[in-house]
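A structural walkthrough
Here is how the chains run, residue by residue.
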Amino acid sequence: MNNKHKNTPTKSFLSLAITAAVSSTFMVSAYANKNNAVTNDVLEENIEVITVTATRSALNINDALTSQIVIDRQAIERINPVSVIDLLSTVPSIDIASNGGKGQSASVFMRGTSSDHTLVLIDGVRISSATSGGTNLNTLSPALIERIEIVQGPRAALWGSDAIGGVIQIFTRKLDGGDFFAGASIGSDNYRKYQAGVGIAHGDGQTSITVNHEESDGFDVQDNTETDDDGYEFTSIAVRGQQNVNTNLTLDWLFTADQGETEYDGGYQNQSDVNNYAWLVRANYETNIGNVINNTVAMVGQNEDAADSLKDGVFKGSFETRRNQFSLVNHSQFSEDVQLNVGIDHYQDDVSGSETSYEQTKRDTTGMFAHGLLTNNNFSYEATLRYDDVEEVDSEVSYNLGAGYNFSTNSRVVLNYGTGFKAPTFNDLYYPYSGNPELRSEYSDSIELFFETTLATVDTSIHFYHTDVDDLIAWTSAGPENFEEVEISGAEFVASYLGFGGNHDFNASYTDAEDQKTHKQLIRRAKNKASYKFSTSIANADIYAEYQYVGKRTDRGDVKLDAYQVVNLGFNYAIMPELKLNARVTNLFDEEYQTANGYNTQEQAFYLGVTYQNF
């Protein structure tokens, strides 16, 4: 990464080559579609999708009484994302606010709630900061991800604090023993990426090791400050393994780490060195007692996020938060129609490693929950109750109630109601000279109604939701206080169709997130969003096109942010079964827009890579 150099954008041979390749491929696609020459790879049959985030146990996605979206490895490779944000930006009712490009921090707003109202997990481990409450997803590499499960709506009754807007759980790569891959990519802004992974078999088990390194000179993220490029350099590793000890007992483990540096524009500091990691060890024990199948899962883990702040290479300060975590969950399957989950979670937040002197440096949180699912003919019912004790704050009781009715195998209606809470962060409570130790947890209640059906060959769903958030913490000149109330109403429409030459996915969402005191729309949330995605396969080529529309938003100081439209392209070509060429065009039409006031977004960018794999 070149430190702080002048930005001189140019059109390279790489950009021209990728544009030509993708454009010619789309012309071939149009001709083939006209003649119905669609390969069988596109005509995928419905496959049962199992998720664990919505209920903390394995369940068919169609049986869960909540809104869910799954982004699997196949979709990730088709999109060729540079960042996790590229994967989330087309999800209904998710708004992204980025302070620049991939190297800079980004916030995710789900269904109009705050950026720290979404719980983020890596293989079950909480990774949010105990000081700020946020999670910077830009340090995570898509190369290390097997799939992402997104649950929209409150799940605090299952997961505890933070899950007001929803839950995002990221699962790391899983490779079978003997599998391996290696790849390299180059792109705009002097982007370079190198990645490799291998699966190692050991008895009745396997371990996957995935490594990714990427760096870029970046672009100038702010005008009228430092007229230079703001680059980044990250190295990431993920180790995920599993061992079947016997027919009843399985052990699995995880270790992930991200290390690197990122530049930005600032008067007091303009560089951050980050060092994050997470690990867990988990035991799964299955028994059958009186025809009741029990699966007991015990997990112990830890995560740490640390960042040093610098100004032109001179150290200015550091933050470090560590979270020790433990959970014990038992899933009981009484019959095909009745299941019960009970569990206990405990985690301790520790900020003693930060340079800032907090009045309190540790906090314990303990939660207990019970969750039941019942199916009776065409009806399904769900109930969850949870109690959390947050040290030095208060205790919270949260719950979820849901009911669904299946009109047919392809049509159902679901109604659910849930509460949630967000405990104050260490910055809120104890930041020197401004924290408020009397703060209460933010509290929410939400109701959602959605209908899913298949019309002819089009899978459709429509969702309506309403959320009230009380005691929202807001910072004033006197410090943080519980005084804001927010009311959020929204609707989502999703349609998917397989035909006319490929897969067509469309979604549109409306989000009205209003501060009840000022009656203004919450900042950085668009009322209107829409996206369309098209993918197809022709011979040895996979083609992907994506259109995004994001409506007008406001930012701090009542600044108006214009609506914008972005088109992104992805392309994969199998030179031989083991060797693939991949390409991506970001912001094809070079749209100028901002997701946070004063921060530039990436101009038209091109990426080209090659990957070798033996599976």
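What you see is a predicted model, and the numbers here were worked out from it, not measured in a lab.

What counts, and where the lines are drawn
Residues numbered from 1 in each chain as written. Predicted model: local features only at pLDDT ≥ 70, side-chain atom pairs only at ≥ 80, totals over all residues. Heavy atoms only, no water. Core = buried A, V, L, I, M, F, W, Y, C linked by side-chain atoms within 4.5 Å. Buried < 20%, exposed > 50% of the residue type's maximum accessible area, 1.4 Å probe, protein only. Helix = DSSP H or I, 4+ residues; strand = E, 2+ residues; numbered from the N terminus. Contact = heavy atoms within 4.5 Å. Phe/Tyr/Trp six-rings, centres within 6.5 Å; stacked < 30°, edge-to-face > 60°. Lys NZ or Arg CZ within 6 Å of the ring centre and 35° of its normal. 1 Å grid on protein atoms, 1.4 Å probe; cavity = no way out; pocket = protein on both sides within 12 Å on 5 of 7 lines; lining within 4 Å. Points joined across faces, edges and corners; volume = space filled by probe spheres on them. Nonpolar A, V, L, I, M, F, W, Y, C, P; charged D, E, K, R; others polar. Pairing = 2+ DSSP bridges.

**Overview of the nonpolar core**
In terms of nonpolar packing, the biggest core is built from 30 residues, with Leu88, Val108, Leu137, Ile148, Ile150, Ile168 and Ile170 touching the most fellow members. For this core, the secondary-structure elements that each account for two or more residues are helix 2 (73–79), helix 3 (84–88), strand 4 (94–98), strand 5 (106–110), strand 6 (118–122), strand 8 (145–152), strand 9 (166–172) and strand 15 (271–289). Looking at this core element by element, the count peaks at four residues for helix 3. Once residues within four sequence positions are removed from consideration, Leu88 is found in contact with Ile94, Ile96, Val108, Leu137, Ile150 and Ile168. Within the second largest apolar cluster, 13 residues are counted, among which are Leu59, Ala163, Phe369 and Leu373.

**A short note on unusual backbone geometry**
Even without being glycine, Asp312 reaches a positive phi, approximately 50 degrees. Tracing the backbone through its elements, the reader meets Asp312 in the loop between strand 16 (292–311) and strand 17 (314–333). One non-glycine residue, Ala456, lies in positive phi territory at about 60 degrees. Following the sequence through the fold, Ala456 ends up in the loop between strand 23 (442–455) and strand 24 (458–476).

**Considerations on the packing of aromatic side chains**
Evaluated as defined, the whole model comprises 14 aromatic pairs. Relative to Tyr405, the ring of Phe379 has its centre 4.7 Å away and its plane inclined at 55 degrees; by these criteria the two rings are tilted. Here Phe379, found in strand 20 (residues 379–390), pairs with Tyr405, found in strand 21 (residues 394–408); they are 26 residues apart in sequence, far enough to count as distant. Exposure remark for Tyr405: the relative accessible area of 26% places this residue in the partly exposed category. Between Tyr399 and Tyr417, the aromatic rings sit 5.9 Å apart at their centres with planes inclined by 40 degrees, giving tilted as the arrangement. In this pair, Tyr399 is assigned in strand 21 and Tyr417 in strand 22 (residues 411–422), connecting sequence segments 18 residues apart. For Tyr417, a relative accessible area of 26% corresponds to the partly exposed category. Through pairs of rings, three or more aromatic residues link up here, namely Phe379, Tyr381, Tyr405, Phe407 and Phe451. Over the face of the ring belonging to Trp159 we find Arg56, whose NZ or CZ atom lies 4.2 Å from the ring centre.

**Things to note about empty space enclosed by the protein**
Throughout the structure, instances matching the rule amount to seven cavities of 30 Å³ or more. Space inside the largest cavity adds up to approximately 620 Å³. Lining the largest cavity are 41 residues, and of these Ser83, Ile85, Asp86, Gly100 and Tyr593 sit closest to its centre. Among the elements of the structure, helix 3, strand 4, strand 12 (205–219), strand 13 (230–244), strand 28 (541–550), strand 31 (564–576) and strand 32 (579–586) are those that each provide at least two residues to the lining of the largest cavity. It is strand 4 that provides the largest number of residues to the lining of the largest cavity, a total of four residues. Grouping the amino acids of the lining of the largest cavity by side-chain chemistry returns 13 nonpolar, 18 polar and 10 charged. Around the second largest cavity, the lining is made up of 17 residues, and of these Asp162, Arg323, Asp349, Arg363 and Lys422 lie nearest the centre. Per-class residue counts for the lining of the second largest cavity are five nonpolar, six polar and six charged.

**Comments concerning the pairing of strand 10 (residues 180–187)**
Going residue by residue along strand 10, you find Phe181, Gly183, Ser185 and Gly187 tucked away on one face and Phe180, Ala182, Ala184 and Ile186 left uncovered on the opposite face. Two strands pair when backbone bridges link them, and strand 10 and strand 33 (residues 605–613) are joined in this way by seven bridges, in the antiparallel orientation. By the bridge assignment, Ser185 is partnered in strand 33 with Gly609.

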